[in-house]
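# Inside the fold
One letter stands for each residue in the lines below.
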Amino acid sequence: MEVRGHVELRTNFSNGTSSRTISIRYLVVNTISAYNMLLGRPSLNRLGVVASTRHMKMKLPSLEGGVIVIKSDQKAARKCYENILKNKRGINVVTIQAHGPDRTTRTEVSSERRPELDGEVWEKEIKGKKFKLGSSLGQEMEDQIVEVIARHLNAFAWTASDMPDINLDFLCHKLNMDEKVRPVI
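Computed from a prediction, not measured in an experiment: that's the story for all the values here. (Residues numbered from 1 in each chain as written. Predicted model: local features only at pLDDT ≥ 70, side-chain atom pairs only at ≥ 80, totals over all residues. Heavy atoms only, no water.)

## Describing the pairing of strand 5 (residues 67–71)
Taken residue by residue, a regular strand's side chains alternate between the two faces of the sheet. Residues Ile68 and Ile70 point to one face of strand 5 and are all buried, whereas Val67, Val69 and Lys71, pointing to the other face, are not buried. Sheet topology places strand 4 (residues 57–61) next to strand 5; five bridges connect them, and they run antiparallel. Bridge assignment links methionine 58 to a residue of strand 5, and that residue is isoleucine 70. In sequence, strand 4 turns back onto strand 5 through a hairpin of five residues, with glycine 65 there showing a positive phi of about 100°. (Buried < 20%, exposed > 50% of the residue type's maximum accessible area, 1.4 Å probe, protein only. Helix = DSSP H or I, 4+ residues; strand = E, 2+ residues; numbered from the N terminus. Pairing = 2+ DSSP bridges.)

Next comes the structure, spelled out in structure tokens:
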């Protein structure tokens, strides 16, 4: 993958009625991809985005105090997903590091194979909380992971009720259905 440089663009996030605009620094690369652009965590965090890949939408607070909901096109997303599965390319990791007293940056690109599950998945339970671990971890690693999870059990949000301070108007998703259509099982 060839890194071409950076570009800073004012990027608008809108649902048609409300919008937010922020300046985002994009890394420009020359590669074949199913995506036109990828937004990283720094930009999503600056916007206060709650993203749901399952529901293919993002919610972010508007400057007026409301919620901006940005929905994805399911057909386009399915096509992107199918293209990725066809190509089964490896993962390209781009690392940008600051070096030296003048804080010059160096961009490093490395390729890795896509991670694959090795072995079976075992379900574990600690105090009624269930989680899954790969069977190929080895007993010592498995014991260490179980110990860390047990020690920090209350740090994980296992259900929505474990997050009482999150505004449900911002977090909840609604199924968009045509009221004229009768549901069929």
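Now that the structure has been shown, the text picks up again.
## Things to note about the side chain of threonine 11
Tracing the backbone shows threonine 11 in strand 1 (residues 2–14). With a relative accessible area of 12%, threonine 11 lands in the buried category. Only 3.3 Å separates the side chain of threonine 11 from the backbone oxygen of leucine 9, close enough to count as a polar contact. Within the local environment of threonine 11, its side chain forms a polar contact with the side chain of tyrosine 26, the two groups lying 2.8 Å apart. (Polar contact = N/O pair within 3.5 Å; in protein donor to acceptor, adjacent residues only side chain to side chain.)

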